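Reading the structure
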Amino acid sequence: MLWRSSAFVRRIATSSSRLGKNESLFTIHPAVKEALADHRPVVALESTIITHGMRYPHNLSTAREVETIVRGEGAIPATIGILEGRIHVGLSSDELDFLARSKTALKVSRRDLPYVMSKGLSGGTTVSGTMIAAHLAGIRVFVTGGVGGKKETELYQALDVSADLTELGRTSIAVVCAGVKSILDIGRTLEFLETQGVCVATYGDTKSFPAFFSRQSGFTSPYSVSSAQEAAELIGNTLDLGLQSGVLLAVPIPEEHAATGKLIEDAIQTALTEASLKGVTGRDVTPFVLQRVNELSKGKSLQANIALIHNNAKVGSQIACALSKLKDKERLRGGIGTQKSKGQKMDSKTIVIGGINVDLIAKGKTKKLLFGQTNPGSVCQSFGGVGRNIADCLSRLGHKPLFISATGKDSHSEAVLNYCQHMDTSAIARLQDHKTATYCAVITESGELSLGLGDMDIHQRIQEQYVSQYENQIASASLVVLDGNIPVSTIDYVCAIAKKYSVPVWFEPTDADKACKPFLSESWKSLSYTSPNLSELCTMNRTLGLSTPTELPRSLEDVLSCVPALSRPLLDHLHCVVVTLGSAGVVLCGEQEAGTVNLQPRMKKRKGQLCAVHYPALAVSSEETVNVSGAGDSLAGAMMVGILQGKNTDSCVRMGLLAARMSLLSPHPIDPSLTIEAIHPEKSQLWSKPRLIYILR
């Protein structure tokens with residue numbers, strides 16, 4: 001194991017150094033670069049399907065759909081292309097559109113790369129061109145439609161071999177495809193791959209080698225793998241052995257889309273004959289034949305082509321995620337020098353797991369809202385979600401977290417992701433046939449919430465299966481923040497990982513109904529912090545079978561008597577309970593130190609004196625209040641930053657109260673002007689003295 005892991009490190013270092021020497025020739029998309037640095041799964045995608053495989057706009061829509069599928073499976077898509085002489089690993093939306101519309105883009109294989117780059121030209125990378133770029137960037141899994149091969153001997157010379165095959169023999173990368181294109185000589189192609197030392201396996205429970213449009217070609221693969229895990233182990237062993245050849249994983253087209261009928265086969269033969277009669281040769285044959293087959297089959301072959309590409313993207317992404325988890329486990333076992341040692345963290349970073357919403361905030365202009373009729377008021381759109389708000393706050397304050405969430409593939413998601421460009425959104429899954437969460441809040445003239453409506457079903461898609469690919473990042477995080485919108489099973493999974501690796505977890509309950517989630521099992525004992533309001537704190541106690549007041553206290557004195565009593569049972573395991581009181585401020589409950597609550601996380605639980613400390617809020621009038629949906633999240637996020645920076649408790653709370661005030665005065669849940677300077681603890685001279693209350697153990 002030590003030898004295998006060391007070999008893996010050497011190959012990463014070699015790949016990085018090769019890219020380093022040619023850095024001026026590469027542009028790696030920030031999301032791809034960060035994912036590779038964090039050892040998260042990345043899937044390479046070719047671009048000749050955009051420039052030469054399909055006509056506009058089918059090429060653009062298919063490319064975007066494939067990227068969405070990759071993200072939905074938990075990986076980062078890296079479409080590779082050449083733009084003005086530079087290799088781009090990962091393309092922006094505008095760059096995809098440029099290649100899709102281009103009339104002059106070249107088809108770029110291994111032999112073409114030097115010329116195209118030296119002339120500053122643009123083009124789509126073939127399978128071989130994409131393999132080279134992906135390998136240099138450190139990407140291990142590449143998804144395409146089908147690979148080239150040896151041409152039919154009736155029409156072409158025996159030595160006419162696709163560059164895809166020779167590249168597979170000398171570049172260590174896994175290529176996931178639907179087999180060899182059906183217009184080629186599949187038998188001779190498999191023989192050539194054997195000569196090149198390429199490991200070929202069919203994905204599924206059969207060894208039958210697929211032929212692009214058909215699930216069966218009449219030939220068999222040497223091997224088969226039945227799952228993403230088996231495929232990942234095959235790829236992992238190829239990498240560990242240091243073989244310089246690739247792996248070809250052939251994925252049969254889904255049964256419901258398999259165009260195996262006589263129509264497609266007849267169309268292929270007709271197209272091949274036409275190509276010969278018209279003198280079409282070399283690299284022009286494949287696009288000519290595919291186009292004619294589409295015309296002769298009346299579009300059925302295009303539908304099948306798109307279906308198999310979608311399926312390949314799904315399977316390839318699952319394999320990339322499984323390979324990433326496999327390598328993460330090796331690292332955690334101490335294989336390649338990134339494991340935790342005593343008192344150390346590896347690649348320490350904050351993780352936020354939670355919801356992302358498009359918010360519509362309606363504020364009345366009268367003292368009383370009349371239901372059943374139209375009320376005068378103002379309506380504005382903003383972007384929220386508890387998890388998103390906290391991740392936004394942390395990002396603006398210089399602690400950009402990895403934000404794990406899910407959206408639909410719709411106009412709302414486009415808008416919110418465009419707004420969140422300052423955040424690390426690489427772990428947000430965009431899901432086809434799901435709607436981005438929306439929330440509508442109706443607030444009174446004084447700023448109090450009157451009615452809220454939410455369409456947030458997509459939050460249930462933030463499942464353990466998706467989150468588990470980030471297990472290594474969670475295990476090494478400086479802080480993990482959980483939003484109560486996510487499923488109970490996901491909370492339980494993250495809490496188990498956090499307990500195993502002593503990672504502090506902050507649970508933001510979201511609302512009274514969701515506050516119970518960690519407390520339905522032993523997961524709550526793995527929490528370090530939680531930030532409920534009084535109603536949510538009561539829910540936590542009731543879930544544990546403890547008594548709570550029949551009515552919530554109204555006077556501040558009664559509240560300050562109730563909060564410590566309700567927080568006391570939680571402090572047997574939690575480090576600190578942060579109870580938000582709205583306009584009355586915040587109460588911290590935890591272990592007393594120097595006349596206040598110690599907020600800094602500790603590896604071992606102490607049994608010192610418990611206390612509660614009340615910090616009054618900064619005054620904000622109802623006329624000044626614009627938005628109440630993000631104040632609590634701003635308070636929590638800014639306090640987290642203070643804790644991560646090692647500041648004292650007073651400073652942490654003051655930072656939180658200043659951030660909350662900025663939120664109340666802004667139309668956005670997190671004020672876009674929020675900076676670390678704007679919430680400096682000495683920014684305000686209006687601080688009231690906090691009140692200390694001792695709690696009996």
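Preceding this paragraph is the structure being described.
A short tour of the structure in this document, coming up. All figures in this text were calculated on a predicted structure; none of them were measured in a lab.

The secondary structure content of the protein chain amounts to 22 helices and 26 strands. Here the protein chain holds 697 residues, and the buried ones make up 56% of them. In the protein chain, once contacts between residues fewer than 6 apart in sequence are set aside, the share between residues at least 24 apart is 72%. Accessible area of the protein chain: about 29100 Å², with a carbon and sulfur share of 52%.

Inspection of the entire model under this criterion finds zero disulfides. Unpaired in this structure, C652 has its nearest cysteine sulfur neighbour in C576, at a distance of 10.0 Å. Owing to a relative accessible area of 0%, C652 belongs among the buried residues under this scheme.

With that settled, the discussion passes to helix α14 (residues 386–396). The buried fraction of α14 amounts to 11 of the 11 residues, a majority that puts the element mostly inside the structure. Within α14 the residues assigned to the buried category are V386, G387, R388, N389, I390, A391, D392, C393, L394, S395 and R396. Positive backbone phi, at 90 degrees, marks G398, one or two positions downstream of α14.

The N-to-C vectors of helix α21 (residues 631–644) and helix α22 (residues 649–664) enclose an angle of 150 degrees; their axes lie 7 Å apart at closest approach. Relative to α22, the element α21 lies roughly antiparallel. Along this stretch, α21 crosses α22, giving a crossing that reads as right-handed. Facing A631, S634, L635, A638, M639, V641, G642 and I643 of α21, the residues of α22 in contact are C652, V653, M655, G656, L657, A659, A660, S663 and L664. Tallied by class, residues from the contact of α21 with α22 come to 13 nonpolar, four polar and no charged.

Right, let's talk about the side chain of S297 for a bit. Along the chain, the position of S297 falls in the loop between α12 (285–296) and α13 (300–332). Within polar-contact distance, the side chain of S297 engages the backbone oxygen of V293 at 2.7 Å. Non-local contacts of S297, meaning those with residues more than four positions away in its chain, are made with L263 and I264.

The rules behind these values
- Residues numbered from 1 in each chain as written.
- Predicted model: local features only at pLDDT ≥ 70, side-chain atom pairs only at ≥ 80, totals over all residues.
- Heavy atoms only, no water.
- Helix = DSSP H or I, 4+ residues; strand = E, 2+ residues; numbered from the N terminus.
- Buried < 20%, exposed > 50% of the residue type's maximum accessible area, 1.4 Å probe, protein only.
- Contact = heavy atoms within 4.5 Å.
- Areas by Shrake-Rupley, 256 points an atom, 1.4 Å probe, with all protein chains shown as cover.
- Disulfide = S-S within 2.5 Å.
- Axes fitted to C-alpha atoms, helices over the stretch in contact; angles between N-to-C directions.
- Parallel < 35°, antiparallel > 145°, perpendicular 65-115°, else oblique.
- Left-handed = near helix turned anticlockwise from the far one by under 90°.
- Nonpolar A, V, L, I, M, F, W, Y, C, P; charged D, E, K, R; others polar.
- Polar contact = N/O pair within 3.5 Å; in protein donor to acceptor, adjacent residues only side chain to side chain.

Function-wise, these values are silent; they only describe arrangement.
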